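# Observations on the model geometry
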Amino acid sequence: MSCSNSETEDEYIPIPYSLEVPQIFQEKLIEPLIPTNNPLTEEGVALGKKLFFDTKLSGNNTQSCASCHNPRNAFTDETRFSDGVDGNFGTRNSMPIFNLAWNFSDRFAWDGKELGLERQALEPVKNPIEMHSNWDEVASKLQQDTQYPTLFLEAFGTSTIDSTLITKAIAQFERILISGNSKFDQHLAGNATLTLQELNGFNVFMDETKGDCFHCHGSDNNPLWTDNDFHNNGLDATFTDLGLGAVTGDPNDNGKFRSPSLRNLAFTAPYMHDGRFATLEEVIDFYSEGLQISSTIDPLMKKVNQGGVQLTPQDKADLKAFLLSLTDNEFVSNPNFQN
Amino acid sequence: MKIRILAVLCVAFFVNSCSEDNDINAVPIGITLNFSHSWGENEVTNADFNTLKFTNDNGDQISIEHLRYLISEIVLTHESGVITTLDDYNLVDVTNNEGLTFTTSAAIIPGDYTSVSFRFGFSDENNIDGVYTDLNTASFNVPTILGGGYHHMQFDGKYIDDSDAEAPFNYHVINAFDLTNINDPVNTSFQLNIGAVAVGGNTNINLNMDISEWFKTPNTWNLNEYDVNLMSNYEAQLLMNQNGASVFSVISITQ
């Protein structure tokens, strides 16, 4: 324990949390983004984890963050749209949660509307079609709990609970959710051998004249497997959901959504911002033959006028095999990330 | 004259940079490179992106949607003949308005330099696959199957093609890599000599990239012929390299 003998609230010193950064991340990426006003601590992370799984954050005490962000599904769920506490459904697929400390734009959600992880955590609680509560009510419930006041005292030096500290704790827990131990990672480390099909699939992924996936979805040198940027990837000719455009008000951003990481696709179906594709085969078919032309389509979707990159059936199968080599089983079964 | 001699001695100390009792009075400083962009005589910023408002020398209407490029290897030749090469590099990201101003991190001794140059892209020596964590994070890499390392430039947009349809182009400059002769890639980065610079306490070198020149001199660029898949197009990379020679100019040097 690193607290002093004094019983005054402001003298407890939380223990700094040592983030376990995979070797491949240390070698290839810049340092993760940890806000100076919310450093990771053992107490803060533990509190954030408890809050993440606590149904007290919802209006009728039936849902927690984990209801839509299940650790077994790489912190998303299996449905196209998630149902809230009142049985209402949203219009976006629940995003997986991992490696968020490397999102240097600090824009979160499919459309980038949430600036900062702490601010993102504010939104679902008060959203009427999600947890349908309000922060005063949540803070009051936690304040009356027998454990939380002490846990907040240990994490933040005060037992007075409010939305700022709750979201800080949740953000701390989310920042330790790191996925970096897939078969492909082990292959790069020299500890695993890819099958010929997986290797061929990687080449399809990296080949400018075939998949050309790497410009938006990382590479062996960017193990996030995303550029964390926003693109119109050609899903629709006309937009029912403006995506980033609704956030920025710039028509040039209409139809743009965040490139998701390609890690853990085995656990994160359905795919795309609206979960329209149930399988990886559907996703690959879309990029191969299903692109739709619109005014804001990204020029990196180079074969849009031919409908897509026109992969052969073998290329498609190989690409799928490679993508599944980015599956991190350890991440979804890590007891530190489970309730 | 004493001051000038002192400066020369300082340069010698800096280049060697192993003295432990350096008591030279001149204070090492950084120099700042500022990058602006134009289409001919007209200034271009990211506010001009995403609309088909430009016409290239081939008569094609084009838009700019992404533009970022790498600057490295600043070389300063002091009038004494001492050459200082800085390891700095900088990603100029016009799309996101980042990296347009870049101050060298390594200290430079004030004085008269007969030439200052920088490199567009990376030399072979510095184009080491996967070692620059910031560029990896920015997904600026080149696939190993095309030689690895990094892009020199990513420039994407759209144009009106010969069938009057809007089509994408990806003017990506990397080393020219002949897939039939993979052991002999051609480095397509190039040096730009800024000329003589008197480096003082607040030296700003203001540079401009005329984007239209990528399509113009000496090769009139036909996007209908060269629009996408140019990274793996050896001939296109050599043509880009030739056109790159005229894109940068020095606007001014201020103190």
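Definitions and limits used
- Residues numbered from 1 in each chain as written.
- Chains lettered and ligands numbered in written order.
- Predicted model: local features only at pLDDT ≥ 70, side-chain atom pairs only at ≥ 80, totals over all residues.
- Heavy atoms only, no water.
- Helix = DSSP H or I, 4+ residues; strand = E, 2+ residues; numbered from the N terminus.
- Buried < 20%, exposed > 50% of the residue type's maximum accessible area, 1.4 Å probe, protein only.
- Contact = heavy atoms within 4.5 Å.
- Rg over C-alpha atoms; globule rule 2.2 N^0.38 Å.
- Areas by Shrake-Rupley, 256 points an atom, 1.4 Å probe, with all protein chains shown as cover.
- Lys, Arg positive; Asp, Glu negative; His and termini not counted.
- Charge placed at Lys NZ, Arg CZ, Asp CG, Glu CD.
- Buried area = accessible area lost by both parts, 1.4 Å probe.
- Salt bridge = Lys/Arg side-chain N within 4 Å of Asp/Glu carboxyl O.
- Polar contact = N/O pair within 3.5 Å; in protein donor to acceptor, adjacent residues only side chain to side chain.
- Nonpolar A, V, L, I, M, F, W, Y, C, P; charged D, E, K, R; others polar.
- Phe/Tyr/Trp six-rings, centres within 6.5 Å; stacked < 30°, edge-to-face > 60°.
- Axes fitted to C-alpha atoms, helices over the stretch in contact; angles between N-to-C directions.
- Parallel < 35°, antiparallel > 145°, perpendicular 65-115°, else oblique.
- Left-handed = near helix turned anticlockwise from the far one by under 90°.
- Core = buried A, V, L, I, M, F, W, Y, C linked by side-chain atoms within 4.5 Å.

Right, let's get into the overall build of chain B. Scanning chain B from terminus to terminus reveals 3 helices and 13 strands. Every one of the 255 residues in chain B was classed for burial, and the buried ones make up 53%. Nonlocal contacts in chain B, meaning residues at least 24 apart in sequence, comprise 68% of its contacts between residues at least 6 apart.

Moving on to the overall build of chain A. Within chain A, the regular secondary structure consists of 14 helices and 4 strands. On C-alpha atoms alone, chain A measures out to a radius of gyration of 21 Å, which is about the 20 Å that the 2.2 N^0.38 rule sets for 339 residues. Over its C-alpha atoms, taken along the principal directions, chain A stretches across nearly 70 × 45 × 30 Å. With 339 residues in all, chain A has 55% of them scored as buried. Counting only carbon and sulfur atoms, one obtains 50% of the accessible surface of chain A, whose full area is about 14400 Å². Averaging the positions of the 24 positive and the 48 negative side-chain charges in chain A gives two centres separated by 4 Å.

Mapped onto the elements of the fold, A:Gln144 is located in helix H5 (residues 135-144). Taking the C-alpha atoms as reference points, A:Gln144 and A:Ile161, 17 residues apart in sequence, are found 9.9 Å from one another.

A few words on the interface of chain B and chain A. Listed by partner, the interface residues are 31 residues for chain B and 32 residues for chain A. Buried area between chain B and chain A, summed over both chains or domains, comes out near 2400 Å², and the portion from carbon and sulfur atoms is 51%. Taken together, the links from chain B to chain A amount to 0 salt bridges. If you look at where chain B meets chain A, you find 16 residue pairs in polar contact (both at pLDDT 80 or more). Among the secondary structure elements, those contributing two or more residues to the side of chain B that touches chain A are strand E4 (61-78), helix H2 (133-137), strand E9 (153-160) and strand E10 (166-170) of chain B. It is E10(B) that provides the largest number of residues to the side of chain B that touches chain A, a total of 5 residues. A per-class count over the side of chain B that touches chain A returns 9 nonpolar, 16 polar and 6 charged.

Residue and element names in this part refer to chain B. Taken as a whole, this structure holds 43 aromatic pairs over all chains when the rule is applied. Between Phe-118 and Phe-248 the ring centres are 5.6 Å apart and the planes differ by 90°, which places this aromatic pair in the edge-to-face class. Within this pair, whereas Phe-118 is found in strand E8 (residues 111-120), its partner Phe-248 is found in strand E13 (residues 248-254), the two being separated by 130 residues in sequence. For the pair shown, Phe-118 and Phe-248 are each scored as buried. On the basis of an interplanar angle of 25° and a centroid distance of 4.8 Å, the ring pair of Phe-122 and Tyr-132 is categorised as stacked.

The subject of this paragraph is the packing of helix H4 (residues 117-126) of chain A against helix H7 (residues 163-175) of chain A. Residue and element names in this part refer to chain A. Running from N to C, H4 and H7 point in directions that differ by 115°, and their axes come no closer than 8 Å. Classified by the angle their axes make, H4 and H7 are roughly perpendicular. The handedness of the crossing between H4 and H7 comes out as right-handed. Of the residues in H7, those in contact with Leu-117, Glu-118, Gln-120, Ala-121 and Leu-122 of H4 are Ser-163, Thr-167, Lys-168, Ile-170, Ala-171, Glu-174 and Arg-175. Considering only residue class, the contact of H4 with H7 consists of 5 nonpolar, 3 polar and 4 charged.

This part covers the pattern of salt bridges. Residue and element names in this part refer to chain A. For the coordinates displayed, the defined rule picks out 19 salt bridges over all chains. Across the salt bridge formed by Asp-145 and Lys-56, the nearest N and O atoms sit 3.3 Å from each other. A residue pair is termed long-range when its members are at least 10 positions apart, and Asp-145 in the loop between H5 and helix H6 (148-156) and Lys-56 in the loop between helix H2 (42-52) and helix H3 (65-68) qualify at 89 residues. A salt bridge links Arg-276 to Asp-274; the nearest nitrogen and oxygen atoms lie 2.8 Å apart. Each of Arg-80, Asp-236, Asp-274 and Arg-276 takes part in salt bridges that share partners, so that together they form one network.

Turning to the environment of B:Pro143, a few remarks are in order. For B:Pro143, the position within the fold is in the loop between H2 and E9. Separated by 88 residues in the primary sequence, B:Pro143 and B:Met231 have C-alpha atoms spaced 9.8 Å apart.

Let us look at the nonpolar core. Ranked by size, the top nonpolar core spans 51 residues in total, and within it B:Tyr69, B:Trp214 and B:Phe248 carry the most contacts. Residue assignment for this core shows that the elements contributing at least two residues are strand E1 (32-39), E4, E8, E9, E10, strand E11 (190-199), strand E12 (204-210) and helix H3 (234-244) of chain B. Ignoring anything within four residues of it in the chain, the contact list for B:Phe248 reads B:Phe35, B:Tyr69, B:Ile71, B:Phe118, B:Phe120, B:Phe190, B:Leu192, B:Asn208 and B:Met209. Of all hydrophobic cores here, the second largest spans 46 residues; its members include A:Phe25, A:Phe98, A:Phe152 and A:Ala171.

For the rest of this paragraph, the subject is unusual backbone geometry. Here A:Ala269 and A:Pro270 are connected by a cis peptide whose omega angle stands at 0°. Looking at the secondary structure, you find A:Pro270 in the loop between strand E4 (257-258) and helix H12 (280-289). Omega for the peptide link from B:Thr217 to B:Pro218 comes to 0°, which places this bond in the cis form. Position of B:Pro218 among the secondary structure elements: in the loop between E12 and H3. With a phi angle near 55°, A:Ala74 is a residue other than glycine that sits in the positive phi range. Considering the arrangement of structural elements, one finds A:Ala74 in the loop between H3 and strand E1 (107-108). With relative accessibility at 0%, the residue A:Ala74 sits in the buried group.

Turning to the side chain of A:Lys141, a few remarks are in order. All names here are of chain A. Locating Lys-141 in the fold gives a position in helix H5. Buried Lys-141, no salt bridge; nearest opposite-charge side chain is Glu-137, N-O distance 4.3 Å. Only 2.8 Å separates the side chain of Lys-141 from the backbone oxygen of Lys-56, close enough to count as a polar contact. When near neighbours in sequence (up to four residues on either side) are disregarded, Lys-141 contacts Lys-56, Ser-58, Gly-59 and Asn-61.

Treat this as a map of the structure, not an account of what it does.
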